[in-house]
Structures are given as C-alpha cells and as structure tokens.
Amino acid sequence: MSGGVEKVVCVTGASGYIASWLVKLLLQRGYTVNASVRDPNDPKKTEHLLMLDGAKERLHLFKADLLEEGSFDSLVDGCEGVFHTASPVDFSANDPQAELIEPAVKGTLNVLRSCAKFSSVKRVVLTSSMAAVIYSGKPLTPDVVVDETWISDPAICEKSKLWYVLSKTLAEKAAWEFSKENGIDMVAMLPWWVTGPLLQPTLNATLEPFLKLVKGAESLPFIYPAWVDVRDVANAHILAFENPSASGRYCLVGRVLQFSEFVKLIRDLFPDINLPEKCGDDHPFASSCKVSRERAEGLGLNFTPVEETLKDTFESLRARNFF
Ligand SMILES: NC(=O)c1ccc[n+]([C@@H]2O[C@H](COP(=O)([O-])OP(=O)(O)OC[C@H]3O[C@@H](n4cnc5c(N)ncnc54)[C@H](OP(=O)(O)O)[C@@H]3O)[C@@H](O)[C@H]2O)c1
C-alpha cells in the first residue's frame, strides 16, 4: 500500500470496464474511494466492486447520473482527486444526440461543475480517448507520429457520422474550456482500443469484437488496431493524479498491431480457438500510424506487452464462459 493513504478520491461510472480496474488499483494503493454508479441496487454493477480488497473499509458507493444536474455533488465533496470516466460507449446508437452526445458533454460539465464547488478538489483526471485525437484531417501516413497536439475536428466526425468519436471530441473540448474558465487543474488521458482482463461480469462494447471473431466474423470492426492494456490505462490515471507536474493530454497506446499479426498471435496462444482463416489488413491506415509514447512513459508508465494483454483478455473471457 502506498501513495493514497488517508486520501479520498472519486471515480465516476465506477462499474465500467476501465473504472473497475481504476477502483481496484486505487484501493490497492490505500485510497478511500467514492464510486458513482447509476444503480447501486444492481448487483451486476456493484458486486465485483464490493468484493475488491479494501472495499469493505474504504469503498463508498454513490448513485449518480450524468444527465442529472448536481448529481455528483455528494460524490465529489471532500475528494482530492476526481477521476471522470463515465461516458456512454456505444457504436450503434439510434439517437446519437440523446444517447451519446448529451450524456458525454452535459455529463462532463455536470461533473466539472461539482468539482468547481468543492475546494477539496486538487486535480481532475478526465478519461478522454484517442477518438478525440486522430480525426484531425491530417493524413495518417507512415512517416507521421500522432501525438497529444492532434485534436479531432468535430466537422469531420459529423460528416463521417462517427457519433461516439464526436461525443468524446466535444466532451473533451468542453472540459478544457470549463476547466480553464474555472481554474480547475485537469489532465486528460487518451486511450485507444482498450483490452485486457475484465473485472465486471458483463461484456463491455470494446471487448465484444473478440467474441464476434470467435463466433465467425472475418475481421475486427475497428480500422485502427492500436492497443492498450486496461491495467495500464488505470495505472496511467493514477500516475497523472499523483505526479504534481502532470499536465495536459496523454496518448495511451501500447502497440499498433495489424489484424493478421493479431490473428497469428491468438492462434499461437490458443490453437483451439477458431479464428478466421483469411484476414485482410485492408484499411490503408491499419499499418501506417504510429503514436508517441513519450509523455505517457514520462509519467512513469511501463506499457504491458500486447502479447500478454491479449492472452489475459482471452483467458478472462473464457474463464467467464463468454465463448
Ligand atoms: N474501452 C475503450 O477502448 C476506451 C478507449 C478510449 C476511451 N474510453 C473511455 O473510457 C471510459 C470508460 O469506458 P469503458 O470502456 O470502461 O466503458 P463501459 O464499461 O461501458 O463504462 C462506461 C461507464 O459509463 C457509465 N455511464 C454511461 N452513461 C451514463 C450516465 N448517463 N450516467 C452515469 N453513468 C453513465 C456506465 O454506467 P452503467 O454501468 O450504469 O451503464 C459505465 O459505468 C469512457 O469515457 C470511454 O469513452 C474507452
């Protein structure tokens, strides 16, 4: 135990894939954690959190919804650090404005308004996304290294009907504007495709493609095969809170791996899993982009090798009988 002894922090959307790991690591480091969930009476959303080491003594659940004004006040009150991860992750919303954009943007402002009310808050760590980085209009050619200066252009997201991407881009933009106007010390974490073992009992949207593959899909639905381990993402959030000199944005990408490399790796690890025979790296971006790890590594983050991440992902899915 270290780092967090006697400190109180909070995590929004605590039952989610990334946030569950964040809560686990924060408890491990000795923090007292206020955790928001939408429905504290739903065991599927809370049981895995309540079973974590240290939860009995130092985990407090709060009910909060992104769209309810003032919903996060009691969660944030008395906290030194606020980790805002809650945001809908849905790639097939029927009503993108209501299902994605409003909760992401209004919800983020709602959380930040609560932060501005309480002087206990020293830093906010926002879970943004590489979605808010790469759709800038700049070409993703092999000679280019994407870094934290890139910002997605909402007009490009809208034109391409990339509604989840738009929700993350607008939410981060609104968060920077509000933080600057209200003197909030905020840092933003920008993970790409997050994989690794899950703690929650239900399947989250970014692990779904793995099951589809096992069940016969010919390719992964994502065109950018840039991976990061969920445990690294959680750890990066904590490092960004604990390091006083942390500031601005942090790209979180462990490795870019082509689909054919991915399939070979899983076949070598799990010869009994049925994966497609044919796999096409058919998108021109798939092999070309590089992402800077400099700032993330400067925080002290050691990225987990992708082989280990994917092995743990598949083992975790299998152990939970998802296959
Ligand atoms: N997974 C990735 O590859 C990835 C990559 C980059 C960035 N991110 C970002 O990381 C964060 C967490 O994503 P995840 O992958 O862990 O997804 P997840 O498991 O679906 O978690 C999302 C969380 O947001 C909560 N939420 C959604 N709408 C809400 C609302 N109206 N009010 C309160 N809470 C609400 C969900 O609560 P319920 O459990 O009640 O639904 C859930 O706890 C998101 O901000 C996402 O954009 C994820």
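For the structure itself, consult the block above.
Calculation notes
Counting starts from 1 at the beginning of each chain's written sequence and moves along it residue by residue. Under the rules for a predicted model, residues below a pLDDT of 70 receive no local features and side-chain atom pairs below 80 are neither given nor counted, while totals for whole chains, interfaces and linings still include all residues. Excluded from the side-chain calculations are hydrogens and water; all other atoms, namely the structure's heavy atoms, are used. Helix and strand definitions follow DSSP, with helices as H or I runs of at least four residues and strands as E runs of at least two, each counted in order from the N terminus. Exposure classes here rest on a 1.4 Å probe applied to the protein chains alone. A residue is buried below 20% of its type maximum, exposed above 50%, and partly exposed in between. Pairing between strands is defined by DSSP: at least two bridges between them are needed. Note on handedness: a clockwise path from strand one over the helix to strand two, with the strands aimed away from the viewer, defines a right-handed crossover. To define a nonpolar core, start from buried Ala, Val, Leu, Ile, Met, Phe, Trp, Tyr and Cys residues and group those joined through side-chain atoms within 4.5 Å. Axis definition: a line fitted to C-alpha atoms, limited for helices to the stretch in contact. Angles are taken between N-to-C directions and run from 0 to 180 degrees. These descriptions rest on fixed angle ranges, namely under 35 degrees for roughly parallel, over 145 for roughly antiparallel, 65 to 115 for roughly perpendicular, and the rest for oblique. Rotating anticlockwise by less than a right angle from the far helix to the near helix defines a left-handed crossing, while the corresponding clockwise rotation defines a right-handed one. Residues are treated as being in contact if the distance between any of their heavy atoms lies within 4.5 Å. Classification convention: Asp, Glu, Lys, Arg as charged; Ala, Val, Leu, Ile, Met, Phe, Trp, Tyr, Cys, Pro as nonpolar; all other residues, Gly among them, as polar.

## Some points on unusual backbone geometry
Step number 1: With phi around 55 degrees, Lys-161 is a residue other than glycine that occupies positive phi space.
Step number 2: Relative to the helices and strands, Lys-161 resides in the loop between helix 7 (154–159) and helix 8 (163–182).
Step number 3: Residue Lys-161 is classed as exposed on the basis of its relative accessible area, which comes to 59%.

## A closer look at the sheet that holds strand 8 (residues 193–195)
Step number 1: The 3 strands are arranged 8-9-11 in an open sheet whose pairing can be described as mixed. Whereas interior strands pair on both sides, the edge strands pair on one side only; in this sheet they are strand 8 and strand 11 (255–256).
Step number 2: Two strands pair when backbone bridges link them, and strand 9 (residues 226–229) and strand 11 are joined in this way by 2 bridges, in the antiparallel orientation. From the neighbouring strand, Trp-227 faces strand 11, where its bridge partner is Arg-255.

## Quick notes on the pairing of strand 2 (residues 32–37)
Within a regular strand, the side chains alternate between the two sheet faces.
Step number 1: The element strand 2 is extensively covered by neighbouring structure, given that 6 of its 6 residues are classed as buried.
Step number 2: By the alternation rule, side chains of strand 2 split into Thr-32, Asn-34 and Ser-36 and Val-33, Ala-35 and Val-37, which are all buried.
Step number 3: Across 4 bridges, strand 1 (residues 8–12) lies against strand 2 in parallel orientation. Residue pairing in the sheet places Val-8 in a bridge with Thr-32 of strand 2.
Step number 4: In this fold, the crossover linking strand 1 to strand 2 by way of helix 1 (residues 17–28) has right-handed handedness.
Step number 5: Pairing of strand 2 with strand 3 (residues 59–63), which is carried by 5 bridges, proceeds in the parallel orientation. Directly across from Val-33, in strand 3, lies its bridge partner Leu-59.

## Some points on the nonpolar core
Step number 1: Counting 115 residues, the largest nonpolar core has Met-130 and Phe-262 as the members making the most contacts within it.
Step number 2: It is helix 1 that provides the largest number of residues to this core, a total of 9 residues.

## A closer look at the packing of helix 1 against helix 10 (residues 230–242)
Step number 1: Their axes nearest at 9 Å, the elements helix 1 and helix 10 cross at an angle of 60 degrees. The angle between the axes of helix 1 and helix 10 places the two elements in the oblique class. Where helix 1 crosses over helix 10, the handedness of that crossing is right-handed. Each of Tyr-17, Ile-18, Trp-21, Leu-22, Leu-25 and Leu-26 in helix 1 lies in contact with helix 10, whose residues at this interface are Val-230, Arg-231, Val-233, Ala-234, Asn-235, His-237 and Ile-238.
Step number 2: Tallied by class, the residues present in the contact of helix 1 with helix 10 amount to 10 nonpolar, 2 polar and 1 charged.

Remember that the coordinates give geometry; whether it matters functionally is a separate question.
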